[in-house]
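# Examining the three-dimensional arrangement
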Amino acid sequence: MTRWRHYAILMGCVFPAMTMLPAAAQCPSLTLAKSIIASQQRIVSPRGIQQHLLLPIDGTKQWISIRGRDRRNPILLVLHGGPGSPEMPDAWMFQSPWEDYFTVVEWAQRGAGKTYEANTEAQMAPGMTIAGMTRDAARVVEYLRKRFHKKRIFILGISWGTVLGVMLAQRHPDWLYAYIGVGQVVDERHGEKLAYGFTLHAAEAHDNAKAVRELRAIAPYPGRVLTLDRASVLDKWEMYYGALIYGRKNFYWYERSWELSPSYLPSEIEALAAGSRFSLGHLLGPLLRVDFDHVTRFRCPVIEFVGAHDYTTPASLTIAWFKSLQAPSKRLVIFRDSAHMLIEEQPGRFLVHLVEDVLPYAVKAGDAEPADKEITG
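Remember, it's a predicted structure, so these values are computed and weren't measured experimentally.

## Looking at the overall build of the protein
- A count of helices and strands for the protein gives 15 helices and eight strands.
- Classification of the 377 residues of the protein by burial places 56% in the buried group.
- Here the analysis covers contacts within the protein between residues at least 6 apart in sequence; of these, 78% occur between residues at least 24 apart.

The following block contains the structure:
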């Protein structure tokens, strides 16, 4: 599984509730909160950059956000999950510390969020394939390398974004310091079966008759053809038993974080749900056929960050796949108190591993901001 259906469910349940709030309750407090966050997040360093822009890509206009406190730092391009689940709306919660060490680029992919709103579905539809979106990703990387005069960058794939990340790393390893996977997709169909087994077992162990009844009704899972309705049943209970966020049943803090984003207007938040549905319509079937079990040779370094309790993209599959990889160097980090959303679940540890395990690849190449001055003695 990937974050696509969690996102679709959350948007389907939460956004209608948001829009039902009285105008007086929505606007003044949200406007004030967003202005405070935007002010705190403003990049003021002389070598810094803070920019949103539209890139023309294959007949579409696609949004990117570029943020960092020193343009000499290496570029970190985030390939978000979904399909159709951009990180841009909730990046304000965790990204700012990254910007001390990287120039962070958030990209709203074809069919997602701000990019969905900026185009017609007819404009986007021809490229709504795994191959087409991998080409889009390559165009973004080419733009960043040229604009910032960098031979290489980092790409960080999250969930569905790991599909694009692996494809990009296979085709253009010379463009990358390293490929970083978070919530790695390996064999999607096998992962769905494991998620179903985990969730049904948890429901039975807790004598949850309603969950057991609903889960058994969608067996065999995922079956020959997976529909969003059937997937949504699993998703509801999978989230309930902690396969998305470890130890939590209440997602209120995450569901409402989009409202506070300085990067997203209300109309763009509304576009998140429509973009998710559009993306699923094109990519649900192809995603279920993804199988990287035999994609094990990489010509660039590979780093995998895994939540120990992740059954959304099951940790056991990622760990087994990682052991089979052949790469110039490879590193596996297991976050013991996380499931699928480990960036949000353990943001401090994630930052430490970005700095200690990822950044050195660029430092070695002489492509990072000079270290802070230290005075001892």
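Back to the write-up after that little detour.
## What to know about helix α5 (residues 130-147)
- Its 18 residues place the ends of α5 26 Å apart at the C-alpha level, agreeing with the 26 Å of an ideal helix rising 1.5 Å per residue.
- Buried within α5 we find Ile 130, Gly 132, Met 133, Thr 134, Asp 136, Ala 137, Ala 138, Val 140, Val 141 and Leu 144.
- Following α5 by one or two positions, His 149 adopts a phi angle in the positive range, close to 55 degrees.

## Considering the nonpolar core
- Residues Leu 77 and Ile 155 are the most contacted members of the largest nonpolar core, which totals 49 residues.
- The element best represented in this core is α5, accounting for seven residues.
- Not counting residues within four places of it along the chain, the set of residues in contact with Leu 77 comprises Val 105, Trp 107, Val 140, Val 141, Leu 144, Ile 153, Phe 154, Ile 155 and Leu 156.
- In terms of nonpolar packing, the next biggest core, distinct from the first, is built from 25 residues, Val 78, Phe 102, Ile 158 and Val 182 among them.

## A closer look at the confidence of the model for the protein
- In this model, the protein carries an average pLDDT of 90, and 90% of its residues clear a pLDDT of 70 or more.
- Note that pLDDT drops below 50 for residues 9-25; the model gives that stretch 24 contacts with residues more than four away or on any other chain.

## Details of the pattern of salt bridges
- Scanning all chains against the criterion turns up eleven salt bridges.
- We note a salt bridge from Asp 100 to Arg 69, for which the minimum N-O separation is 3.1 Å. With Asp 100 in the loop between β3 (75-79) and β4 (103-107) and Arg 69 in the loop between β2 (60-68) and β3, the pair connects residues that are 31 residues apart, well separated along the chain.
- By relative accessible area, Asp 100 is classed as partly exposed at 37%.
- Residues Asp 136 and Arg 110 are paired through a salt bridge, measuring 2.7 Å at the closest nitrogen-oxygen approach.

## Regarding the packing of helix α7 (residues 188-205) against helix α9 (residues 228-240)
- Interhelical geometry of α7 versus α9 gives an angle of 55 degrees and a closest axis separation of 10 Å. As summarised for this structure, α7 and α9 are arranged oblique, according to the angle between their axes. Judged by the sense of rotation from one axis to the other, the crossing of α7 with α9 is left-handed. Packed against α7, whose contacting residues are Glu 192, Ala 195, Tyr 196 and Thr 199, the element α9 presents Leu 234, Trp 237 and Glu 238 at the interface.
- Of the residues that constitute the contact of α7 with α9, the class distribution is four nonpolar, one polar and two charged.

## Remarks on the packing of aromatic side chains
- Throughout the structure, instances matching the rule amount to 14 aromatic pairs.
- Measuring from ring centre to ring centre gives 5.8 Å for Tyr 116 and Phe 278, while their planes differ by 55 degrees; the resulting arrangement is tilted. Placement of the pair is Tyr 116 in helix α3 (residues 113-118) and Phe 278 in helix α11 (residues 266-288), with a sequence separation of 162 residues. This pair shows no difference in class: Tyr 116 is buried, exactly as Phe 278 is.
- An aromatic cluster is defined as three or more aromatic residues linked by ring pairs; in this entry it consists of Phe 94, Trp 98, Phe 305, Phe 335 and Phe 350.

## Some details on the side chain of Ser 65
- Residue position: Ser 65 is located in strand β2.
- On the basis of relative accessible area, Ser 65 is assigned to the buried category, the value being 4%.
- Ser 65 has contacts with Gln 51, His 52, Met 88, Val 104, Val 105 and Glu 106, leaving out every residue within four places of it along the chain.

## Quick notes on the pairing of strand β8 (residues 330-335)
- Taken together, the six bridges between strand β7 (residues 302-307) and β8 define a ladder with parallel strand orientation. Note that in β8 the partner of Ile 303 across the bridge is Arg 331.
- Chirality of the crossover, the property in question, places the unit of β7, helix α12 (residues 315-324) and β8 among those that are right-handed.

## Comments concerning the sheet that holds β3
- The eight strands lie next to each other as β1-β2-β4-β3-β5-β6-β7-β8, forming an open sheet whose pairing is mixed. Of all the strands in the sheet, just β1 (49-57) and β8 have a single pairing partner and so form its edges. Averaged over all pairs of adjacent strands, the angle between their axes in this sheet comes to 20 degrees, without regard to strand direction.
- Relative to β4, β3 runs parallel, the two sharing four bridges. Opposite Leu 76, over in β4, you have Val 104 as the bridge partner.

## A short note on α7
- Relative to the 26 Å expected for 18 residues at 1.5 Å per residue, α7 spans 26 Å between its end C-alpha atoms, a close match to the ideal helical length.
- Of all the residues in α7, the buried ones are Glu 188, Gly 191, Glu 192, Ala 195, Tyr 196, Thr 199, Leu 200, Ala 202 and Ala 203. The arc that holds the buried residues of α7, viewed along the axis, is 160 degrees, so those residues lie on one side. Exposed residues on α7 whose side chains face more than 90 degrees from its buried face are His 201 and Ala 205.
- With its phi angle positive at about 50 degrees, Asp 207 sits one or two positions after the end of α7.

## Comments concerning the packing of α7 against helix α8 (residues 209-217)
- Interaxial distance between α7 and α8 falls to 8 Å at its minimum, and their mutual angle equals 150 degrees. It follows from the interaxial angle that α7 and α8 lie roughly antiparallel. Helix-helix and strand crossings are classified by hand; for α7 and α8 the assignment is left-handed. Here Tyr 196, Thr 199, Leu 200, Ala 203 and Glu 204 of α7 lie close against α8, whose contacting residues are Ala 211, Val 212, Leu 215 and Arg 216.
- Considering only residue class, the contact of α7 with α8 consists of six nonpolar, one polar and two charged.

Reading guide: rules and limits
Residues numbered from 1 in each chain as written. Predicted model: local features only at pLDDT ≥ 70, side-chain atom pairs only at ≥ 80, totals over all residues. Heavy atoms only, no water. Helix = DSSP H or I, 4+ residues; strand = E, 2+ residues; numbered from the N terminus. Buried < 20%, exposed > 50% of the residue type's maximum accessible area, 1.4 Å probe, protein only. Contact = heavy atoms within 4.5 Å. Expected span 1.5 Å × (residues − 1). Core = buried A, V, L, I, M, F, W, Y, C linked by side-chain atoms within 4.5 Å. pLDDT = per-residue confidence, 0-100. Salt bridge = Lys/Arg side-chain N within 4 Å of Asp/Glu carboxyl O. Axes fitted to C-alpha atoms, helices over the stretch in contact; angles between N-to-C directions. Parallel < 35°, antiparallel > 145°, perpendicular 65-115°, else oblique. Left-handed = near helix turned anticlockwise from the far one by under 90°. Nonpolar A, V, L, I, M, F, W, Y, C, P; charged D, E, K, R; others polar. Phe/Tyr/Trp six-rings, centres within 6.5 Å; stacked < 30°, edge-to-face > 60°. Pairing = 2+ DSSP bridges. Right-handed = clockwise from strand over helix to strand, strands pointing away. Arc of directions from axis to C-beta.

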